[in-house]
Amino acid sequence: MNLDLILRIATKLILPFILLFALYVQFHGELGPGGGFQAGVITAAMVILVSITFGLRTAHRIAPRAVVERMIPLGVLIYAGTGVAGLLGGQNYLDYSVLAHDPVHGRELGIFLVEAGVLVTVAGTMTALFYAFAERGR
Amino acid sequence: MTLLAVLTGAIVLQRSLFAIVILTGSYSFLMATLLIALDAVDVAMTEASVGAGISTVILLATLHLVRKAEMRPVRPQPLALLVVAATGALLVWGTFGLPQFGTADAPIHAHVAPRYIADTIRETGVPNVVTSVLADYRGYDTLGETTVIFTAGIGVMLLLGGLRRRARNDPPGSGA
């Protein structure tokens, strides 16, 4: 796909910042607005921008279909697995206080893990949705 | 709020699906601005990224697959109009039973919210109460939401991608 030069260069320049912003939203979600859901959507938006500007083939090289499709159940697995870890520690399901020596730190870590699970699932699903539509159109 | 009403009117009257998609995107951005004015920054962020971003892109991708203009209705449907108007009136009537906006003693502020706000730092060490409620106190709900997204993704992939793959006999994950 050979589009406008300015568009391609601008996209290349802006890509790392989009990814950085997604990570900021993810890891700063405990302190400011944001969290796994928003960060996942921003990550997917980055892949979509790549595929709009450089074509679907380039996007597939960055985020291969197989990886994206496996991310969807993986995120749910991370989330549910964090819950099971609480069970194994002798607490209720999704009680994170056993994850570290200090219950408060455990819950902080639990929130972090759960948000990571949400990020993986949301990013995977949104990208897979876009792939499904875009591939269908050709 | 007035702009929201104007946009809704434009969306209803518009026949070109492309214009409708763009108008829906701007509606989402206006909504996000409104949510920021209401101090709901987390929700505003979601609205801007999902409502204005991803939905618009996916709707445009859909437009690529279908016809661009909405079909004219065969004949006016007074019964449908009546049902819609009645439901709308019922919903507006229902809002009169809600407590005044911003009152401190509304039921939603009297139940568990004060405990969450007071104890979140001591119990979870997370300053953003939205995050701690979402991922810790209401962890089950968020697990359910994540599962819903998972199910929706799998469903769309089966509907759109699965058929195509079987038709062309591609091995899974070959892409392109």
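Residues numbered from 1 in each chain as written. Chains lettered and ligands numbered in written order. Predicted model: local features only at pLDDT ≥ 70, side-chain atom pairs only at ≥ 80, totals over all residues. Heavy atoms only, no water.

Novice: Mind laying out the overall build of chain A, listing which residues take part and the relevant values?
Specialist: Check the secondary structure of chain A and you find 5 helices and 0 strands. Ordered by position from the N terminus, the helices and strands of chain A form the series α-α-α-α-α. Principal-axis analysis of the C-alpha atoms places the extent of chain A at approximately 60 × 30 × 20 Å. By sequence separation, contacts in chain A at least 24 residues apart represent 63% of the contacts at least 6 residues apart. Total accessible area on chain A is roughly 6,600 Å²; 70% of this is exposed by carbon and sulfur atoms. Separation between the mean location of the 9 positive side-chain charges and that of the 8 negative ones in chain A comes to 20 Å. (Helix = DSSP H or I, 4+ residues; strand = E, 2+ residues; numbered from the N terminus. Contact = heavy atoms within 4.5 Å. Areas by Shrake-Rupley, 256 points an atom, 1.4 Å probe, with all protein chains shown as cover. Lys, Arg positive; Asp, Glu negative; His and termini not counted. Charge placed at Lys NZ, Arg CZ, Asp CG, Glu CD.)

Novice: Residue-level account of the confidence of the model for chain A, with values.
Specialist: Summarising the model, chain A shows a mean pLDDT of 81, and 93% of its residues fall at 70 or more. Mean pLDDT in chain A bottoms out at helix 5 (residues 103-136) of chain A, which sits at 82, and peaks at helix 1 (residues 5-27) of chain A, which reaches 87. (pLDDT = per-residue confidence, 0-100.)

Novice: Explain the interface of chain B and chain A to me, using residue names and the numbers behind them.
Specialist: With 45 residues of chain B at the contact, the number on the chain A side is 46 residues. For the chain B and chain A pair, buried surface summed over both sides reaches about 4,200 Å², with 73% attributable to carbon and sulfur atoms. For the pair chain B and chain A, the interface holds 0 salt bridges. The interface formed by chain B and chain A contains 3 residue pairs in polar contact (both at pLDDT 80 or more). The set of elements that each furnish at least two residues to the side of chain B that touches chain A consists of helix 3 (41-65), helix 6 (113-124), helix 7 (129-137) and helix 8 (139-168) of chain B. (Buried area = accessible area lost by both parts, 1.4 Å probe. Salt bridge = Lys/Arg side-chain N within 4 Å of Asp/Glu carboxyl O. Polar contact = N/O pair within 3.5 Å; in protein donor to acceptor, adjacent residues only side chain to side chain.)

Novice: So what's going on with the nonpolar core? Residues and values would help.
Specialist: Core analysis: the largest hydrophobic core is formed by 38 residues, its most contacted members being Tyr131 of chain A together with Ile54 of chain B. The set of elements that each furnish at least two residues to this core consists of helix 2 (36-54), helix 3 (56-62), helix 4 (65-88) and helix 5 of chain A together with helix 3 and helix 8 of chain B. If one sorts the elements of this core by residue count, helix 5 of chain A sits on top with 12 residues. Once residues within four sequence positions are removed from consideration, tyrosine 131 of chain A is found in contact with Val47, Leu56, Ala59, His60, Ala63, Arg65 and Val68 of chain A. In this structure, Val25, Ala39 and Ile42 of chain A together with Met45 of chain B belong to the second largest nonpolar core, which totals 6 residues. (Core = buried A, V, L, I, M, F, W, Y, C linked by side-chain atoms within 4.5 Å. Buried < 20%, exposed > 50% of the residue type's maximum accessible area, 1.4 Å probe, protein only.)

Novice: Describe the packing of helix 1 (residues 2-13) of chain B against helix 2 (residues 17-37) of chain B, listing the residues and the values that go with them.
Specialist: Helix-helix packing: each pair is described by the crossing angle between the helix axes and the interaxial distance. Residue and element names in this part refer to chain B. The geometry of helix 1 relative to helix 2 is characterised by a closest axis approach of 10 Å and an angle of 165° between their N-to-C directions. The orientation of helix 1 relative to helix 2 falls into the category roughly antiparallel. For the pair helix 1 and helix 2, the crossing hand works out as left-handed. For the pair formed by helix 1 and helix 2, the contact residues are Leu3, Leu4, Leu7, Thr8, Ala10 and Ile11 on the first element and Ile20, Leu23, Thr24, Ser26, Tyr27, Leu30, Met31 and Leu34 on the second. Across the contact of helix 1 with helix 2, the residue classes tally to 11 nonpolar, 3 polar and no charged. (Axes fitted to C-alpha atoms, helices over the stretch in contact; angles between N-to-C directions. Parallel < 35°, antiparallel > 145°, perpendicular 65-115°, else oblique. Left-handed = near helix turned anticlockwise from the far one by under 90°. Nonpolar A, V, L, I, M, F, W, Y, C, P; charged D, E, K, R; others polar.)

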